[in-house]
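Analysis of the macromolecular model
Now for the letters of each chain:
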Amino acid sequence: MKLCERLKELRKEKGLSQMELAKLTGLSQSSIGRWELGRTEPTASDLIKLADFFGESVEYLLGLTD
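The present account deals with the structure reproduced in this document. The numbering scheme is per chain: residues are counted from 1 as the chain's sequence reads. Residues qualify for local features only when their pLDDT is at least 70, as the model is predicted, and side-chain atom pairs are given and counted only at 80 or more; totals for whole chains, interfaces and linings, by contrast, use all residues. Based on all heavy atoms of the structure, the side-chain values leave hydrogens and waters out of the count.

**Points about the nonpolar core**
Here, nonpolar core refers to any group of buried Ala, Val, Leu, Ile, Met, Phe, Trp, Tyr and Cys residues whose side-chain atoms link them within 4.5 Å. Note on classification: 1.4 Å probe, protein chains only; a residue is buried when its accessible area is under 20% of the maximum for its type, exposed when over 50%, partly exposed between these limits. Within the largest apolar cluster, 15 residues are counted, with the highest numbers of intra-cluster contacts made by L7, L21, I32, W35, L50, F54 and L61. Looking at this core, the elements with two or more residues in it are α1 (3–13), α2 (18–25), α3 (29–37), α4 (44–54) and α5 (58–61). Among the elements that line this core, the one with the most residues is α4, at four residues. Any two residues whose heavy atoms approach within 4.5 Å at even a single point are treated as in contact. In this view, W35 contacts C4, L7, L27, T40, E41, P42, D46 and L50; residues no more than four positions away in its chain are not counted. Put simply, DSSP marks the helices as runs of H or I at least four residues long and the strands as runs of E at least two long, and each gets a number from the N terminus on.

What follows is the structure, encoded as structure tokens:
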């Protein structure tokens, strides 16, 4: 599974909108939207923020592990 798919899946599992996720993580909604569309990829520090928020590893977010 690609990062864009995994991020969207995790966000929806928590019942969050992109805006809500942005507020809770300190990331921008526009960045989250671009990541979910696969247009851009998060920086390493943003990946760590997302992994910490979702309680997952960076490797999981990147689709390297299940």
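**A few points about the packing of aromatic side chains**
Stacked, edge-to-face and tilted are the three classes for Phe, Tyr and Trp ring pairs, Trp counted by its six-membered ring, which pair at centre distances within 6.5 Å; planes under 30 degrees apart are stacked, over 60 edge-to-face, the rest tilted. Under the definition given, this model contains one aromatic pair. Taken together, a centroid distance of 5.0 Å and an interplanar angle of 80° make the contact between F53 and F54 edge-to-face. Any Lys NZ or Arg CZ that is within 6 Å of a ring centre and within 35 degrees of that ring's normal is treated as a charge sitting over the ring. Stacked on the ring of Y60, the Lys or Arg R6 has its end atom at 3.9 Å from the ring centre. When the ring centre of F53 is taken as origin, the NZ or CZ atom of K14, which lies over that ring, is 5.8 Å away.

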